[in-house]
Amino acid sequence: MSSTTKTYTCPTCNSLVKGNQNSVGCSICGMFYHIKCVNVTTEQHNFLYKNRNNKMFSFKCPTCIKKPTRNVDANSDVAGSSRSVAVLNEADICDKVFDSMQKELDDYKLCLQNQFETFMLKMKDVVKKLREDLDVSVQRMEESVRDCRTVIGQLEHTLQEREIENDILTRRLNRSNVIINGLPDGIKMLREPVMKIASLCGIDIRPSDINHCCYISKGKSILVKFNSVYLRDGLMASYQRRRNPLLLCEVTGVSVRSRVYLNDHHNRAASKLMYLCRKLWRCKKIRKFKLLSADNPKALVMLPDGKEDEFDVRRCADMLENDTQPVAYSQQSSGNSDES
């Protein structure tokens, strides 16, 4: 298009169109024009030159646009030659480029849509398989949790049985023991105040009747282990029958009139029950209480209305958690409810 061996006359300027000049040829009349004579820019000329083999693009000269009939002159022999350049005017080029781009865009959208549908189908299969696997895993986990709960229940039951057995054995081991509260710490010869307490309770004991004496609970209490359960039970029965409280001044000879208490050496469960009963007594929710069984601890409790009932550890704990105001009363509790 830009290099020709022949020369032609430009109908606009009537000048020769030389082979080394940029020119465009009309697809209808076959006449060649200088690009500046028909207002074709260099960019348009370059575009047409690059697409010279594309029949979609053609150029119509201003004369042929006004007269759509075919006009052939002396230069018409070059209309079908290979040197003819198919050029469009600017509006036609833009429309065809837009249509081509629109078609490519539609094809691209269709391709993306097909790929997206394929991807969604694959994802649905993946999600379905994941849900199936998750359901199976959840079922296995639920089964494992149920098995664990069963094992835990069995272990708790076994532990409760072992705790009961341990409490019973502890009670048997402590059967001959007495806990004394109220004596000062630092006493070197503990057997002497123990024998004095027994004498005040009307029981005659000798040093050989005492197996062991020691401080416990950081010096707050004294543990006395007797060689004879019979002797120990006699001392506790005599102490509980006393009408007057046992005073420290009677035991040690000091001028302090604080009380001295003798208590059973309870196992863990009985100690907890006694602790709860004392709290209920201090809160005036019960009037008095008495331990009935130390192996399987239960307490006979007198309620504020005068009724008696048997309480275990759980029932005492539930009563402590109850916010109901207790009934006021003025009677003192029995000997078994004395604070240690």
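Notes on the structure follow. (Residues numbered from 1 in each chain as written. Predicted model: local features only at pLDDT ≥ 70, side-chain atom pairs only at ≥ 80, totals over all residues. Heavy atoms only, no water.)

## Here's the deal with helix α4 (residues 191–200)
Since the α-helix packs 3.6 residues into each turn, any two residues three or four apart lie on the same face. How we decide: Throughout, exposure labels follow a simple rule: accessible area from a 1.4 Å probe, protein chains only, divided by the maximum for the residue type, with under 20% read as buried, over 50% as exposed, and the rest as partly exposed. Strands are runs of DSSP state E lasting at least 2 residues, helices are runs of H or I lasting at least 4, and numbering of each runs from the N terminus. In this context, the arc is that of the directions from the helix axis out to the C-beta atoms. Note on contacts: a residue pair is in contact if any heavy atoms of the two residues lie within 4.5 Å.
Among all positions in α4, only Pro193, Val194, Ile197 and Ala198 are buried. Buried positions in α4, seen along its axis, are confined to an arc of 145° and lie on one side of it. Among the structural elements, β5 (177–181), β6 (210–216), β7 (221–226), α5 (229–241), α6 (248–252) and β8 (261–264) are those in contact with the buried residues of α4. Looking at the residues trailing α4, positive phi occurs at Gly202, about 85°.

## Some thoughts on the nonpolar core
Threshold: Buried Ala, Val, Leu, Ile, Met, Phe, Trp, Tyr and Cys residues that are joined via side-chain atoms within 4.5 Å together make up what is termed a nonpolar core.
Ranked by size, the top nonpolar core spans 25 residues in total, and within it Ile180, Ile197, Phe226 and Leu262 carry the most contacts. Secondary-structure elements contributing two or more residues to this core are β5, α4, β6, β7, α5, α6 and β8. When residues in this core are grouped by element, the largest group, 4 residues, is from α5. Residues contacting Leu262, with those up to four places away along its chain left out, are Val178, Ile179, Ile180, Ile197, Leu235, Met236, Tyr239 and Leu246. Tyr8, Ile28, Cys29 and Phe59 belong to the second-largest nonpolar core, a separate cluster that totals 16 residues.

## Some words on the side chain of Asn181
Going by this rule: As used in this structure description, the phrase polar contact means that two N or O atoms lie within 3.5 Å; if the pair is within protein, one of them must be able to donate a hydrogen and the other to accept it, and residues adjacent in sequence are counted only when both atoms belong to side chains.
Considering the arrangement of structural elements, one finds Asn181 in strand β5. Taking relative accessible area as the criterion, Asn181 reaches 8% and is therefore assigned buried. Engagement of the side chain of Asn181 in a polar contact is seen with the side chain of Ser221, the distance being 2.3 Å.

## Thoughts on the sheet that holds strand β9 (residues 288–293)
In a beta sheet, neighbouring strands pair by backbone hydrogen bonds and run either parallel or antiparallel. How we decide: The pairing criterion for strands is at least two bridges between them, as found by DSSP. Helix axes use the C-alpha atoms of the stretch in contact, all axes being lines fitted to C-alpha atoms, and the angles between their N-to-C directions lie in the range 0 to 180 degrees.
Strand order in the open sheet formed by 3 strands is β9-β10-β11, with antiparallel pairing between adjacent strands. Two strands bound the open sheet, and with one partner strand each, they are β9 and β11 (308–311). In this sheet, adjacent strand axes meet at a mean angle of 25° when their direction is disregarded. Sheet topology places strand β10 (residues 298–302) next to β11; 4 bridges connect them, and they run antiparallel.

## Considering the packing of aromatic side chains
The geometry of an aromatic ring pair comes down to the distance between the two centres and the angle between the two planes. Rule in force here: A pair of aromatic rings is counted whenever rings of Phe, Tyr or Trp (Trp by its six-membered ring) have centres within 6.5 Å, and the orientation is called stacked for planes under 30 degrees apart, edge-to-face for over 60 and tilted otherwise. Either the NZ atom of lysine or the CZ atom of arginine qualifies as a charge over a ring when it sits within 6 Å of the ring centre and within 35 degrees of the ring normal.
Under the criterion given, the structure shown has 0 aromatic pairs. Taking the ring centre of Phe311 as reference, the NZ or CZ of Arg315 above it sits at 4.1 Å.

## Some thoughts on the sheet that holds β6
The strand order across the open sheet formed by 4 strands is β6-β7-β5-β8, and the pairing between neighbours is antiparallel. The open sheet has two edge strands with one neighbour each: β6 and β8. Between one strand axis and the next, the sheet turns by 25° as a mean value, whatever way the strands run. Taken together, the 5 bridges between β5 and β7 define a ladder with antiparallel strand orientation. In the sheet register, Ile180 faces β7, and the bridge partner there is Ile222. Contacts from α4 reach β5, β6, β7 and β8, with the element oriented near 110° to β6. Helix-sheet contacts for α5 involve β5, β7 and β8, and the interaxial angle to β8 is about 130°.

## Brief notes about the pattern of salt bridges
The line we're drawing: In the sections that follow, a salt bridge refers to a side-chain nitrogen of Lys or Arg positioned within 4 Å of a carboxyl oxygen of Asp or Glu.
One pass over the structure, following the stated rule, counts 11 salt bridges. The shortest N-O distance in the salt bridge between Asp133 and Lys129 comes to 3.3 Å. Placement of the pair is Asp133 and Lys129 together in helix α3 (residues 90–173), with a separation of 4 residues, close to one helical turn. Under the relative-accessibility criterion, Asp133 is labelled partly exposed at 36%. When salt bridges with common partners are traced through the structure, they connect Arg175, Arg232, Asp233 and Asp264 into a single cluster.

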